[in-house]
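Okay, here's what each chain looks like letter by letter:
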Amino acid sequence: LPSIITLTTDFGLKDFYVGAVKGVILGVNPHASVVDISHSLSAGDIMEGAFVMAGACPYFPSGAVHVGVVDPGVGTSRRGVIVETRRGFFVGPDNGLLSLAAEKTGIRRVFEITKSDFCRVDVSATFHGRDIFGPVAAYLTLGIPPEKIGLEIRDFFMISLPEPTFDGAVISGEILHVDTYGNLISNIKAGDLEESLGVCDVEVTIKGRSIKGLYRTYGDIPEAGAGALMGSSGFMEAAAREANAAKMLGIGVGEKVRIVKI
Amino acid sequence: LPSIITLTTDFGLKDFYVGAVKGVILGVNPHASVVDISHSLSAGDIMEGAFVMAGACPYFPSGAVHVGVVDPGVGTSRRGVIVETRRGFFVGPDNGLLSLAAEKTGIRRVFEITKSDFCRVDVSATFHGRDIFGPVAAYLTLGIPPEKIGLEIRDFFMISLPEPTFDGAVISGEILHVDTYGNLISNIKAGDLEESLGVCDVEVTIKGRSIKGLYRTYGDIPEAGAGALMGSSGFMEAAAREANAAKMLGIGVGEKVRIVKI
Amino acid sequence: LPSIITLTTDFGLKDFYVGAVKGVILGVNPHASVVDISHSLSAGDIMEGAFVMAGACPYFPSGAVHVGVVDPGVGTSRRGVIVETRRGFFVGPDNGLLSLAAEKTGIRRVFEITKSDFCRVDVSATFHGRDIFGPVAAYLTLGIPPEKIGLEIRDFFMISLPEPTFDGAVISGEILHVDTYGNLISNIKAGDLEESLGVCDVEVTIKGRSIKGLYRTYGDIPEAGAGALMGSSGFMEAAAREANAAKMLGIGVGEKVRIVKI
């Protein structure tokens, strides 16, 4: 089977950073298939990176190696890790970036990267994507077992999404992510809603604005209106009909959301 | 021959959407080579997507499968389709997005996607790129014939570019696309111009501004000036010398263009 | 070994240009692995493109073919070239774009592309990426030797980065590049600094602002402060702790930098 290595970073698209990582990977394993997930994450935003990796990486076939680099602590005492899961490996800084996606795919063991044999000869203090994570990922696809690259650890750093709270007919959550279309993705899961509320007749309140109705798809929202729906990420989102809800409502990540049955 | 699957979407580059589609495709066919055409189309802009697919997809080798997703009607009654052409397949919503590129490569048969066997088990109402079009494209590269995935239809939705009009020595058209450089690409083809006007001495009028001369290439336009030329898309475009004509002239898609022989 | 072709361009991500080049390459060699380095270079900025190619291309394995297209003079008398180096080929316009990366990888011979047999049948005057450089790169990966595609030349156009000047304990340089994070990358190399100054106690002055201290990594810069460090490109850069130094200091490419020992 071909060796798949995915990349999710905040490197941006106009620098040499993405290209250097790809070059190093292909230098170690020229047969690897390097797949871009995103390089446009907000600089240093670990939570956003974790959300994107969790939404994309689990769909890849078993054996894929997922490199994540949102790494404001590069070169400091934060560790570099390999996470072995039931469906493949994750490689990157031990700052929580990999943790949501790794958890979703079933963590088996976690290793701190300690052996320089599988890194570039001159490891810089500022670009571990190129000098450590890229080459380590490539060596994993060549069949080097993670225990040859590092030491098993038990205190892998996990982050978790904020959890909604439930008070009778009221669910209180927050906006986790604003997507390209301006859809406001909350931390309220389909299951949360079904358990505590009827699905159809809900009123969503965000920043003093009230949105009525839970729709099946974007095209069902009334013209020039806004509505809630269960998005493809498994979370409730608020969207506007053929418009950018985030801009329309002036709402960003972290905004509180309240749902009541009506 | 390797299986090539191209992607042209309005998913943007900071979300998990592109990665999820790639993951699903590689889950079905790990040997597929997934090629990004664009993920930065304007949200919901079917005409722009159709223009970009028509400019890129016909250059790929025979047998390539082209996935297009600009899909404001996802989950509604709009159909998902497979278009079989003389040079490969197109997969996406039946909203016109695929139609210009498919027509250019010679449409043979069109199928509505009806068999859920070739889709993900849980098809969402909001992300058919991941749940239907991605996996269907991957199954096509595995040799599953389109008639096993859907039913042939005769009413594939075609869009067409606006046509210029001719009145003696005057051609009237409009701006179809503004590219990265700010070049203003019109709907007037090289053939239109040659048939009705002499090629060299033309005056192009856009938004009250007059541009004189048809140049062979960007570098032939006089310093600090603007000019018309026959662009690589086969259409007449207006460009500025080492500058952004769209910003300089304040012009966008849909603006009327008038050409007269001088 | 697989055929790797990298692309570094100013085509942007919303047009058909990138897709058309990839399609033409895969049409000539369907087994090629086409790798994006960047398509978001500033339009027509040859120096930026040369800097990015020099930072990325040398990491790729031997035999890779690197296509660069920042080509404001397309279709004019500027030549198209193939540069044969110790580690692979570079293909693009002879305007300096390829020169820094080619020099780093050891130039052997340079050829002007003269044979139309390895170009598209209809070469446009405005899109040599699609019509000449893409197909030529693909033919090189098929083993066509460069001397069959062009004629050897001796006057390949080289650009060079501006060099810093040294005056006792003062080094004067300038900002070469502002990266995605807002880090200000100068033309002062690690070696320059070590030779003429002690490494630890330096004061960097940019645009009247003074930054004290040379740090090992971004996370070592004091909270809410700015500092200098030796970046992964081998050049000294000025950075802000978890912030965008370029925006914070209002500084862009070309700004003068002065370093003194303190």
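Residues numbered from 1 in each chain as written. Chains lettered and ligands numbered in written order. Predicted model: local features only at pLDDT ≥ 70, side-chain atom pairs only at ≥ 80, totals over all residues. Heavy atoms only, no water.

Focus on the interface of chain A and chain C
Taken together, the contact pairs 29 residues of chain A with 34 residues of chain C. With both chains or domains summed, chain A and chain C bury close to 2600 Å², and 60% of this area falls on carbon and sulfur atoms. Among the residues chain A hides against chain C, the three largest losses belong to Lys14, Phe16 and Thr126 of chain A. Together they make up 26% of the total. Here chain A and chain C share zero salt bridges between them. Across the contact surface, chain A and chain C share 14 residue pairs in polar contact (both at pLDDT 80 or more). The dominant element in the side of chain A that touches chain C, judged by the number of residues it contributes, is helix α1 (residues 17-28) of chain A, at eight residues. Tallied by class, residues from the side of chain A that touches chain C come to 13 nonpolar, nine polar and seven charged. (Contact = heavy atoms within 4.5 Å. Buried area = accessible area lost by both parts, 1.4 Å probe. Salt bridge = Lys/Arg side-chain N within 4 Å of Asp/Glu carboxyl O. Polar contact = N/O pair within 3.5 Å; in protein donor to acceptor, adjacent residues only side chain to side chain. Helix = DSSP H or I, 4+ residues; strand = E, 2+ residues; numbered from the N terminus. Nonpolar A, V, L, I, M, F, W, Y, C, P; charged D, E, K, R; others polar.)

Comments concerning unusual backbone geometry
All names here are of chain A. One non-glycine residue, Lys207, lies in the positive phi region at around 50 degrees. Structurally, Lys207 can be placed in the loop between β11 (202-206) and β12 (209-212). One non-glycine residue with positive phi stands out, namely Glu242, at about 50 degrees. Note that Glu242 resides in the loop between β15 (235-240) and α6 (245-249).

Points about the confidence of the model for chain A
Residues at a pLDDT of 70 or more form 98% of chain A, whose mean pLDDT is 94. Per the prediction output, this complex has pTM 0.96; the corresponding ipTM is 0.96. (pLDDT = per-residue confidence, 0-100.)

Some remarks on the pairing of β12 of chain A
Across a regular strand the side chains alternate sides, sitting on one face of the sheet and then on the other. Residue and element names in this part refer to chain A. Bridge analysis of β11 against β12 gives four bridges, and the strand direction is antiparallel. Considered in β12, the bridge of Ile206 is made with Arg209. Here β11 hands over to β12 after two residues, with Lys207 in that stretch at a positive phi of 50 degrees. (Pairing = 2+ DSSP bridges.)

Let's talk about the sheet that holds strand β4 (residues 80-85) of chain C
All names here are of chain C. Spatially, the seven strands line up as an open sheet ordered β2-β1-β3-β5-β4-β6-β7, and their pairing is mixed. The two strands at the open ends of the sheet, each matched to only one other strand, are β2 (33-38) and β7 (150-153). The mean angle between the axes of side-by-side strands here comes to 25 degrees, regardless of whether they run parallel or antiparallel. Pairing of strand β1 (residues 4-9) with strand β3 (residues 64-69) involves five bridges; the strand directions are parallel. Note that in β3 the partner of Leu7 across the bridge is Val67. Helix α2 (residues 46-56) contacts β1, β2, β3 and β5 (88-93) of the sheet and is inclined by roughly 165 degrees relative to β3. (Axes fitted to C-alpha atoms, helices over the stretch in contact; angles between N-to-C directions.)

Regarding the environment of Ala101 of chain B
All names here are of chain B. Looking at where Ala101 falls in the secondary structure, it is placed in helix α3 (residues 99-105). For Ala101, a relative accessible area of 0% gives the class buried. Expressed as a C-alpha distance, the spacing of Ala101 and Val52, which sit 49 residues apart in the sequence, is 8.5 Å. Excluding residues within four positions of it along the chain, Ala101 makes contact with Met53, Ala54, Cys57 and Phe90. (Buried < 20%, exposed > 50% of the residue type's maximum accessible area, 1.4 Å probe, protein only.)

A short note on the pattern of salt bridges
All names here are of chain A. Tallied over the full model, the rule gives 36 salt bridges over all chains. Its salt-bridge partner being Arg241, residue Glu223 comes within 3.4 Å of it at the nearest N-O pair. Taken together, the positions of Glu223 in the loop between β13 (214-215) and β14 (226-230) and Arg241 in the loop between β15 and α6 put the pair 18 residues apart, joining distant regions of the chain. Given the relative accessible area of 63%, Glu223 is considered exposed. Arg241 is the salt-bridge partner of Glu242, the closest N and O atoms lying 3.6 Å from each other. Among the residues examined, Glu242 registers a relative accessible area of 65% and is labelled exposed. Exposure remark for Arg241: the relative accessible area of 18% places this residue in the buried category. Within this structure, Arg79, Asp94 and Asp155 form a network of salt bridges that share partners.

Re the interface of chain A and chain B
Each partner contributes to the interface: chain A provides 34 residues, whereas chain B provides 30 residues. Between chain A and chain B, a total of about 2600 Å² is buried, with carbon and sulfur atoms accounting for 59% of that surface. When the buried surface of chain A facing chain B is broken down by residue, Tyr59, Tyr181 and Ser232 of chain A rank first, second and third, together holding 25% of it. Those elements that place two or more of their residues in the side of chain A that touches chain B are β2 (33-38), α2 (46-56), β9 (170-178) and β14 of chain A. Across the side of chain A that touches chain B, the residue classes tally to 19 nonpolar, eleven polar and four charged.

Let's talk about the packing of aromatic side chains
Tallied over the full model, the rule gives 25 aromatic pairs over all chains. What links up through ring pairs into an aromatic cluster is the set Phe11, Phe16, Tyr17 and Phe127 of chain A together with Phe51, Tyr181 and Phe235 of chain C. (Phe/Tyr/Trp six-rings, centres within 6.5 Å; stacked < 30°, edge-to-face > 60°.)

Quick notes on the packing of α1 of chain A against helix α4 (residues 128-141) of chain A
How two helices sit against one another is set out by the angle between their axes and by the gap between those axes. Residue and element names in this part refer to chain A. Remark: α1 packs on α4, axes separated minimally by 8 Å, with the N-to-C direction vectors making an angle of 35 degrees. As for how α1 packs across α4, the hand of that crossing is right-handed. Packed against α1, whose contacting residues are Ala20, Val21, Val24, Ile25 and Val28, the element α4 presents Gly129, Arg130, Gly134, Pro135, Ala138 and Tyr139 at the interface. Here the residues of the contact of α1 with α4 are counted per class, giving eight nonpolar, two polar and one charged. (Left-handed = near helix turned anticlockwise from the far one by under 90°.)

Some words on the relation of the copies chain A and chain C
Superposition record for chain A on chain C: RMSD 0.0 Å, screw rotation 120 degrees, translation along axis 0.0 Å. Here the symmetry operator amounts to a three-fold rotation axis. For chain A, the smallest separation between a C-alpha atom and the rotation axis is recorded for Ser33 of chain A, amounting to 4.7 Å. The two copies present different faces, since only 7% of the interface residues in chain A are matched by interface residues at the equivalent positions in chain C. (Least-squares fit on C-alpha atoms with pLDDT ≥ 70 in both.)

Focus on the sheet that holds strand β7 (residues 150-153) of chain B
Backbone hydrogen bonds are what pair the strands of a sheet, in a parallel or an antiparallel way. All names here are of chain B. The strand order β2-β1-β3-β5-β4-β6-β7 describes an open sheet built from seven strands, whose pairing is mixed. Looking at the sheet topology across the chains shown, the edges are occupied by β2 (33-38) and β7. Taking the axes of each pair of neighbouring strands and ignoring which way they run, one obtains an average angle of 25 degrees across the sheet. Direction of pairing for strand β4 (residues 80-85) relative to strand β5 (residues 88-93): antiparallel, over a ladder of six bridges. Bridging across to β5, Ile82 finds its partner in Val91. Sheet strands in contact with helix α1 (residues 17-28) are β1 (4-9) and β2, and its direction is about 155 degrees off that of β2.

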